[in-house]
Amino acid sequence: MKKNIIITALAIVFFAVPANAHFMWINVGDYTLDEGKTVMLNVGWGHSFGNPVGNVLQDFERMDELFVLDPDGKKMTVASANKTDFRTDKPLKKEGTYLAVLNRKEGFSSKTTEGYKSQSKKELKNVIKCSYSGGYGKAIINLGKGDGSVLSKEMGHTLEIIPLNDPGDIDAGDYMRIKVLYKGKPLSTDISATFVGFSTEGEWAYTAKTDKDGKGKIKIFKPGVWLVKIGHAEPYPDQEACDRYSYTSVLTFEVK
């Protein structure tokens, strides 16, 4: 009995997603836009949201897909505006809630004595550890009064955050409610949240946990741009190839 408890505890420690591990998120130039404006955004990369300007992704080989859904759930394409920024190909016309969506390519990442390689342990020598990882991001944008209906649309991400209320309808002191899905099923897991200006050291302003139905909430105790992060890891089925699956999902939004 004691041996099983020890093994379980070690597994939890080994397969936990480190709080300071690198992840992706979406930075939006303005989360509340006027009609006729385009959405400007870029992709954050790192482990500190406190100063997103200094953590902008420039290696777009990591990125698989980036687009915006309009209030009717129709996809708006984005194009490169410069070396780091993207812009919707059309200005926003319809009042309501828009959702920016980001997918990072899933694949192997192995730490070796010669640095990181995008291959499994079977393809390399001197591997220290290996993970098969993926990352996903969403950002909520409002034009006028949003109805939030597009937020409930499932993207089919391996690890996905579903917003359950629109940040345009909440004030400081209210809760932002979410649901977390892993492979399409509710996941009980830890929630980490912070806002721009809280910390530049990767510290979290608020932590919570989702229940058995995958539902949880974050106390928005200060107006500003917020980030909510979910991480999940579990053993890889072929340990000779890799050690674990590792996924992150991140939501950004603004509360006025």
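I will try to describe carefully the structure that is included in this document. Since this is a predicted model, take the numbers as computed values, not measurements.

### Looking at the overall build of the protein
- What the protein contains, in helices and strands, is one helix and 18 strands.
- Expressed as a percentage of the 256 residues in the protein, the buried residues total 48%.
- Taking contacts inside the protein between residues at least 6 apart in sequence as the whole, the part at least 24 apart equals 62%.
- When the accessible surface of the protein is summed, it comes to about 13000 Å², and 49% of that surface belongs to carbon and sulfur atoms.

### Things to note about the side chain of Asp-70
- Here Asp-70 shows up in the loop between β4 (63-69) and β5 (75-80).
- One buried charge, Asp-70, has no salt-bridge partner; the nearest side chain with opposite charge is Lys-74, at 5.7 Å.
- At a separation of 2.8 Å, a polar atom in the side chain of Asp-70 contacts the main-chain amide nitrogen of Asp-72.
- Within the structure, the side chain of Asp-70 is placed 2.8 Å from the backbone nitrogen of Lys-74, a separation counted as a polar contact.
- Setting aside residues up to four positions removed in sequence, Asp-70 forms contacts with Met-76, Thr-97, Tyr-98 and Val-150.

### A short note on the side chain of Thr-189
- Position of Thr-189 relative to the elements: it lies in the loop between β13 (185-186) and β14 (190-195).
- A polar atom in the side chain of Thr-189 sits 3.4 Å from the backbone oxygen of Gly-231.
- Residues in contact with Thr-189, not counting those within four places in the same chain, are Val-180, Ala-208, Lys-209, Thr-210, Ile-230 and Gly-231.

### A short note on a negative patch on the surface
- Taken together, Asp-30, Asp-34, Glu-35 and Glu-95 make up a surface patch of like negative charges.
- Secondary-structure assignment places Asp-34 in the loop between β2 (32-33) and β3 (40-46).
- By relative accessible area, which is 55% here, Asp-34 ends up exposed.

### Some words on the packing of aromatic side chains
- Tallying each qualifying case throughout the model produces 13 aromatic pairs.
- Seen from their ring centres, Tyr-236 and Tyr-245 are 4.9 Å apart, and the 50° between their planes marks the pair as tilted. Taken as a pair, Tyr-236 and Tyr-245 share a single burial class, namely buried.
- On the basis of an interplanar angle of 20° and a centroid distance of 6.2 Å, the ring pair of Tyr-245 and Tyr-247 is categorised as stacked.
- Overall, the relative accessible area of 17% leaves Tyr-245 in the buried class.

### Some thoughts on the nonpolar core
- Judged by nonpolar contacts, the single largest core of 35 residues is most densely connected at Ile-178, Ile-218, Ile-220, Val-228, Leu-251 and Phe-253.
- Elements with a contribution of two residues or more to this core: β4, β7 (96-104), β10 (127-143), β11 (159-163), β12 (175-182), β14, β17 (224-235) and β18 (244-255).
- Here this core takes five residues from β18, the largest share from any one element.
- The residues touching Ile-178, leaving out its near neighbours within four places in the chain, are Ile-161, Ile-162, Pro-163, Leu-164, Ile-191, Gly-214, Lys-215, Gly-216, Ile-218, Val-228, Ile-230 and Leu-251.
- In this structure, Leu-33, Met-63, Met-76 and Leu-92 belong to the second largest nonpolar core, which totals 23 residues.

### Digging into the pairing of β11
- The element β11 is largely enclosed, with a buried count of five among its five residues.
- Side chains Leu-159, Ile-161 and Pro-163 of β11 all project onto a buried face; the interleaved residues Glu-160 and Ile-162 project onto the opposite face, where all are buried too.
- Of the strand pairs in this sheet, β11 and β12 are connected by five bridges, and their pairing is antiparallel. Counted as the bridge partner of Pro-163 is Ile-178 from β12.

### Some points on unusual backbone geometry
- Backbone geometry places Asn-126, a non-glycine residue, at a positive phi of 55°.
- Residue classification places Asn-126 among the exposed positions, given a relative accessible area of 54%.
- Unusually for a residue other than glycine, Lys-183 sits at a positive phi of about 55°.
- Structurally, the position occupied by Lys-183 is in the loop between β12 and β13.
- Classification of Lys-183 by relative accessible area gives exposed; the value is 53%.

Reading the values: rules and limits
Residues numbered from 1 in each chain as written. Predicted model: local features only at pLDDT ≥ 70, side-chain atom pairs only at ≥ 80, totals over all residues. Heavy atoms only, no water. Helix = DSSP H or I, 4+ residues; strand = E, 2+ residues; numbered from the N terminus. Buried < 20%, exposed > 50% of the residue type's maximum accessible area, 1.4 Å probe, protein only. Contact = heavy atoms within 4.5 Å. Areas by Shrake-Rupley, 256 points an atom, 1.4 Å probe, with all protein chains shown as cover. Lys, Arg positive; Asp, Glu negative; His and termini not counted. Salt bridge = Lys/Arg side-chain N within 4 Å of Asp/Glu carboxyl O. Polar contact = N/O pair within 3.5 Å; in protein donor to acceptor, adjacent residues only side chain to side chain. Patch = residues over 30% accessible without salt bridge, like charges linked within 9 Å, V, L, I, M, F, W, Y side chains within 5 Å. Charge placed at Lys NZ, Arg CZ, Asp CG, Glu CD. Phe/Tyr/Trp six-rings, centres within 6.5 Å; stacked < 30°, edge-to-face > 60°. Core = buried A, V, L, I, M, F, W, Y, C linked by side-chain atoms within 4.5 Å. Pairing = 2+ DSSP bridges.

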